[in-house]
Every structure is written in C-alpha cells, then in structure tokens.
Amino acid sequence: MNPCEKYTEIIKEAEPFDVITFDVFDTLLIRDVMKPTDVFQLSYGKGGRYLRSLAEIVAKKRSGTGEASLTEIDRYCPYSCDRERKLEKKLCRVNPDMYAVYLALQKAGKKLYAISDMYLSSEEITDLLKAAGYDLPVMVSCEMGCSKKNGELFRRFLETCGYAPEQVLHIGDDPAADGTGAEKAGIRSLLIPKHTNRLAYMKVSGKNLEPAAFINHGLCRAENPITDPVERIGYEIVGPMTLAFCQWVHRKKKEEGYERLFFLSRDMRFPYEVYRRIYHDEVHYLRISRKSLRSAREDDTGILDYLRQEKSYGKVAVVDTGWVGVAQVEIDRHAKKIDSSSDVGGLYLGTKLAYRLRKRSKKSYACLYSNLPEQMECEISSSFLETLIGTNEEQVIAYKDGQPVYDREESKDRTNLLKKGAKRFIREWLRTKGNKRIDPKAARGAFERLFYNPTEEDMKLLGSLHYEDFKDTSIISYDPETDYRKNPGKFLTDLGDSAWKGAYLKQFGGLYPFLLAGYFVFGGGRIFLADAIRCIKREI
C-alpha cells in the first residue's frame, strides 16, 4: 500500500524522531459519522442522543478528573451503553492513507503509540485497531484521568514511557487536541487533513447519517481522489440511489415470491448490472421499449417468441423506472397468451398517479415515489432521473424471428463518468459495509437537491446530456436567442422537451421559484388529470 503525496511528506517529516504517536479516531481509524455525537443517535435514537450526552457530562463532573469511561457513563444513561460498543465495532474502519504511513514508519523501526481522548477503554480501542490491522500500545484519557487538549495526557505519556519531548512526533487531525495540546507538552505535531463536510447534494439527516458520512469520507480521502466533478455526482447521487434501489428490489422479490426478475432495457441497464453483481438470483435483461410494444400491437408473433424464449411468464416481475407502468401491462397481456396463469408484477423506481389509479389484481410497488405528494414530484423529475440512471443504448423497435430489432447499431450513452463514480461508490460500500441497507428515500434526497437547486457549474457539467424517448433532446432545451416573453408557446414547448425542468426554469433567474411552483401546480396537475382519465378509460 502506497501513501499519497501528502502522507509521503509526513513520513519524511517523521524521519528525525524516534517515537511517533497517533491520534486514533479520524486519524488511524475512520468512523462513518459526520460528527462523534452521531454515534449516540445511531445507538439510541434522536432523543436518546441528548440523554447520552447528558450522562457523559454528569459522569465527567462526578469523576473528579473531568474524564469518564463508558462504563462510568453507563451508570447515568437510561440505555445500555453496550449498544454503543457494538456500533463502534461496525462503524470503525481503517484509514487507508494513515495505515500506509503506519506500515512505513513501522518498517523504519520507529516506536509507535496511540493516544486518544476517548471514553472507550484502552482494551476496547486496541481491539478496534487490531481489527483494522494496527498493532501498537494505547493510552486513553478516561483511564489516565487527563486529556490531550491541555497537554496533560501527552505529559503523562512522556513520564510513563520515559521519553523526552524532542524525541516524539504526534500525528492527528484535531488542531486543539492534536496540535495545541501536543505543543503544550513540548511535542512536535503534524496535522492531517480533517474530514470536513464536503457533501454538495446529500443532506445529513437521521435516515442517512452513516451513508452521508461514508460518502463524505470518500470525497475527502486523499488516496485516489475523485477529481472529475461529474464523477463526483455519480459517487454522491447515482451510486447510493442505484444501490438502495437494488437492495429494495431484492427484498421485494423475496417478500412476493417472484420466480424471476426482468430488468427492462435502457433505463435499467445499470441497475441490472449492479443487481447481478451483488445477488445470485435468477435475473434477466429484457429488451423491451415503448416503440417495440407499440409495434407488437399490430403483430405480436415476434414478441411472443421473444418472451417465450426469455421465460417472461409465470409469477415474475418487471423492474423499471415505471412512471405509468405501460410495459408491465403489455408484457402481462402477452404473457397470458403463453401461460394463462401468468401474473406479471412490477418493481419500480417510482410511479405516477395514473399508474396507482389502476384497479388491477397484480401487485406493483414503487421504491422512491409511492404516495400522492411524492408522485407529483415524480411527474416533474422522472425524465431527469431516467437520464442519470439509464443508459442511452440502442433501442428495440420491433421483433423478427423472436429477436429484437434495433434503431441503430451502437450506444450513444454520455453518462460514462457518472457511472464511473457510481460504480466506485458501490464497490467501496460493498467492500467496507457488506451490502448494509441504504434508505431509498434518503438517497433520493440528494438527487432532488440537484434537480431543484442546481448550481451554474452543475448545469454546465450535465447540460450536454440528452434525453431520448420518442425524440432525442437536450435535457435543458433552453434557447438563449428566443425572447420567451413574446413567445409563450415556445416556452411551454421547450419546458416540455427539457428533462431537467429545474435547470430549464432556473435560466429565468428570479422568476425561477414562481415558475417552478406554477408548473408543479398547473402543469403537473394537468398531466396527472390527463393520465388519470386515460387510465380510467384503459387507454394506456
């Protein structure tokens, strides 16, 4: 393991010193929380977080030294602190850069120690370090009765181990404890970059404390950093949302007892690849499009042969973005011609109101947008979400001899960098978290922040993407040469063609919030009503 340039400098700085001491948390170890007290919320809930903090204050006050161990804190906490101990083991992971520094200094024959201001015992911290690959003695404030911030813990370390201050270099991330505190004891200190909040889109909330911190640590990480801003969007938005969706699909498959899953082409190409990598269920990629389904209404011989060949009948489910659910309805209709007992369900990223108005027996579920207010949001942002998640590959337009016929010979996908960032997030999450569940609604929040409140840089980065449905259009179909005040018809046409409606309306400056609200109420409402009427009449 090779450290990055910044950490190579630390190794050089450490050469004159015989002894190196390390801070533990946010230095040798990474905890996937934005701030330390988030551990309390994850352990005891939002209300319990404050009770746990109060218990620590009381325990420190009554200790006589201003320091307290978790065992002492447990006496004043209404919850068992064993929850916290177990969670620490799950949250802590190695800091890859500092581990490279540790190995290099160990190889150089330096004497290495860990010094921490912490309520966990030295034994517990040692176990956490060993699980991450470290092997070094630990001195902790709660056992020594003094802290790093005032320099006392460093002085106690020097006295206990018999070192002179000039022999020691301390490495940590906290300016007060690891910087000023060490210097008060006459010890030279080196500060590593602190993991500040660098999230651009994901809002930190109770539902996503751990994923948000994980993403933030990934963005802060110096090892192989993400330098491309589009790749960053993939890492922060597309990756978490796709993984959360795949996890949800897997749970629903087991709950409903589906024999097979069929991810529909183009929009579900990337989720299909992710799902297939993680799970070993029977899963297929079904090459279906609205164009091919329309052509099949005139002659269904080709599609029946294709569905029979792919075994797309029986108790199965299609997986799609699924805004109105046309594909599920049509596939189910054809599947019944092959096997009358077929019941094709649907597992969707989102749905629109029209789909929910269908009075059908088969069960269909939506992951991100399920209730009525959410479905109204889905109406506005669905095309943009399809653009980010989907792949603009060749489109099936018909079937011949049971095989798909495409509209072109090659993909025109422009989302490779987005997918690169998304793949990196998924790879790192699976490696460190073991496919731990991500809340889909929490993952959706980052996408909506990008959709509704894009920056000028966001629009420049993603404005060149295209959305292809029945025609290929830019996701921001704004014409700077047009005076939209004199041509409201053109304004409405371009608004309809824009997949990224938030970015299109933001081109109008201060009018943006009013235009968005107007579109949400009148435009979205009109489309919802039209879809509802068509559903009732069974026209879609």
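Presented here is a report on the structure given in the accompanying data block.

The rules behind each value
- Residues numbered from 1 in each chain as written.
- Predicted model: local features only at pLDDT ≥ 70, side-chain atom pairs only at ≥ 80, totals over all residues.
- Heavy atoms only, no water.
- Helix = DSSP H or I, 4+ residues; strand = E, 2+ residues; numbered from the N terminus.
- Buried < 20%, exposed > 50% of the residue type's maximum accessible area, 1.4 Å probe, protein only.
- Contact = heavy atoms within 4.5 Å.
- Lys, Arg positive; Asp, Glu negative; His and termini not counted.
- Charge placed at Lys NZ, Arg CZ, Asp CG, Glu CD.
- Salt bridge = Lys/Arg side-chain N within 4 Å of Asp/Glu carboxyl O.
- Expected span 1.5 Å × (residues − 1).
- Core = buried A, V, L, I, M, F, W, Y, C linked by side-chain atoms within 4.5 Å.
- Phe/Tyr/Trp six-rings, centres within 6.5 Å; stacked < 30°, edge-to-face > 60°.
- Lys NZ or Arg CZ within 6 Å of the ring centre and 35° of its normal.
- Arc of directions from axis to C-beta.
- Axes fitted to C-alpha atoms, helices over the stretch in contact; angles between N-to-C directions.
- Left-handed = near helix turned anticlockwise from the far one by under 90°.
- Nonpolar A, V, L, I, M, F, W, Y, C, P; charged D, E, K, R; others polar.
- Pairing = 2+ DSSP bridges.

Moving on to the overall build of the chain. When you go through the chain residue by residue, the secondary structure sums to 23 helices and 16 strands. The C-alpha extent of the chain, read off along each of the three principal axes, is 90 × 55 × 45 Å. Evaluated residue by residue, the chain yields a buried proportion of 56% over its 540 residues. The long-range share in the chain, meaning contacts at least 24 apart out of those at least 6 apart in sequence, stands at 68%. Computed over 87 positive and 79 negative side-chain charges, the separation of the two mean positions in the chain equals 4 Å.

With respect to the helices and strands, the residue Asp74 is situated in helix H3 (residues 70-74). Residues Asp74 and Val274, spaced 200 residues apart in sequence, show a C-alpha to C-alpha distance of 43 Å. The residues contacting Asp74, other than those within four sequence positions of it, are Tyr79, Ser80 and Cys81.

Taken as a whole and assessed by the stated rule, the structure comprises 31 salt bridges. Close ionic contact of Glu124 with Arg85 constitutes a salt bridge, the shortest N to O distance being 2.6 Å. One end of the pair, Glu124, is in helix H6 (residues 122-132); the other, Arg85, is in helix H4 (residues 82-91), with 39 residues separating them in the sequence. Glu124 gets classed as partly exposed once you look at its relative accessible area, which sits at 23%. The salt bridge partner of Glu273 is Arg269, with a shortest N-O separation of 3.2 Å.

Attention now goes to helix H10 (residues 209-220). In a regular helix each residue adds 1.5 Å, so twelve residues correspond to 16 Å; H10 covers 16 Å between its end C-alpha atoms and thus fits that length. A large share of H10 lies buried, amounting to twelve of its twelve residues. Check the buried side of H10 and you find it contacts strand S2 (29-31), helix H2 (38-63), H4, strand S3 (92-94), helix H11 (229-256) and helix H18 (416-433).

It is worth spelling out the side chain of Thr27 at this point. Inspection of the secondary structure assignment puts Thr27 in the loop between strand S1 (19-22) and S2. Relative accessible area serves as the criterion here: at 0%, Thr27 is assigned to the buried category. Other than its neighbours up to four places away in sequence, Thr27 contacts Asn95, Met98, Ile171, Gly172, Asp173 and Ile192.

Here we take up the nonpolar core. Here is a general trend for soluble globular proteins: nonpolar side chains tend to be buried in one another's company. In this structure, Leu261, Phe263, Leu462 and Trp500 are the most contacted members of the largest nonpolar core, which totals 78 residues. Sort the elements by how many residues they give to this core and H11 lands first, with twelve residues. If we skip the residues at most four places from it in the chain, Leu462 touches Val230, Ile233, Phe384, Leu388, Leu418, Leu450, Ile475 and Trp500. Counting 48 residues, the second largest nonpolar core, distinct from the first, contains Ala68, Ile73, Tyr134 and Val138.

So, about the packing of aromatic side chains. With the rule as written, the count across this model stands at 32 aromatic pairs. Judged by centre distance (5.0 Å) and plane angle (75 degrees), the rings of Tyr102 and Tyr134 are edge-to-face. Of this pair, Tyr102 sits in helix H5 (residues 96-107) while Tyr134 sits in the loop between H6 and strand S5 (138-140); the two residues are 32 residues apart in sequence, bridging distant segments of the chain. When its relative accessible area of 2% is taken as the criterion, Tyr102 is described as buried. The interplanar angle of 65 degrees and the centroid separation of 6.1 Å between the aromatic rings of Tyr478 and Tyr504 together place this pair among those described as edge-to-face. One end of the pair, Tyr478, is in the loop between strand S16 (472-474) and helix H21 (488-497); the other, Tyr504, is in helix H22 (residues 501-506), and 26 residues separate them in sequence. Tyr504 sits in the buried class, given a relative accessible area of 0%. Taken together, the ring pairs connect Phe263, Tyr272, Tyr275, Tyr279 and Tyr285 into an aromatic cluster. Against the face of Trp429 rests Lys433, its NZ or CZ located 6.0 Å from the ring centre.

Turning next to H21. Within H21 the residues assigned to the buried category are Phe491, Asp494 and Leu495. Down the axis of H21, the buried side of the element spans an arc of 105 degrees, and every buried residue falls inside it.

It is worth spelling out the packing of H11 against helix H19 (residues 440-452) at this point. Packing of H11 against H19 brings their axes to within 8 Å, and their N-to-C directions diverge by 145 degrees. The crossing of H11 and H19 is left-handed. Where H11 abuts H19, its residues Ile233, Glu236, Ile237, Pro240, Met241 and Ala244 lie against Pro440, Ala443, Arg444, Ala446, Phe447 and Leu450. For the contact of H11 with H19, the residue count by class is ten nonpolar, no polar and two charged.

Note on backbone geometry: most residues besides glycine have negative phi, and most peptide bonds are trans. Although it is not a glycine, Asp26 adopts a positive phi angle of roughly 70 degrees. Position of Asp26 among the secondary structure elements: in the loop between S1 and S2. On the basis of relative accessibility, which here comes to 25%, the residue Asp26 falls in the partly exposed class. For Asp401, which is not glycine, the phi torsion reads 55 degrees and is therefore positive. Inspection of the secondary structure assignment puts Asp401 in the loop between strand S13 (396-400) and strand S14 (403-406). By relative accessible area, which is 68% here, Asp401 ends up exposed.

The five strands lie next to each other as S9-S8-S10-S11-S12, forming an open sheet whose pairing is parallel. Edge positions in the sheet fall to strand S9 (283-286) and strand S12 (364-369), since each of these pairs with one other strand and no more. Shown here is a sheet whose adjacent strand axes are inclined to one another by a mean of 20 degrees, direction ignored. Where strand S8 (residues 260-264) meets S9, four bridges bridge the pair, whose relative direction is parallel. Residue pairing for S9: Leu261 is matched across the bridge by Val283. Strands in contact with helix H15 (residues 326-338) are S8, S9, strand S10 (315-320), strand S11 (343-350) and S12; relative to S11, the strand with the most contacts, it is inclined by about 165 degrees.

Just geometry here; none of it tells us what the structure is for.
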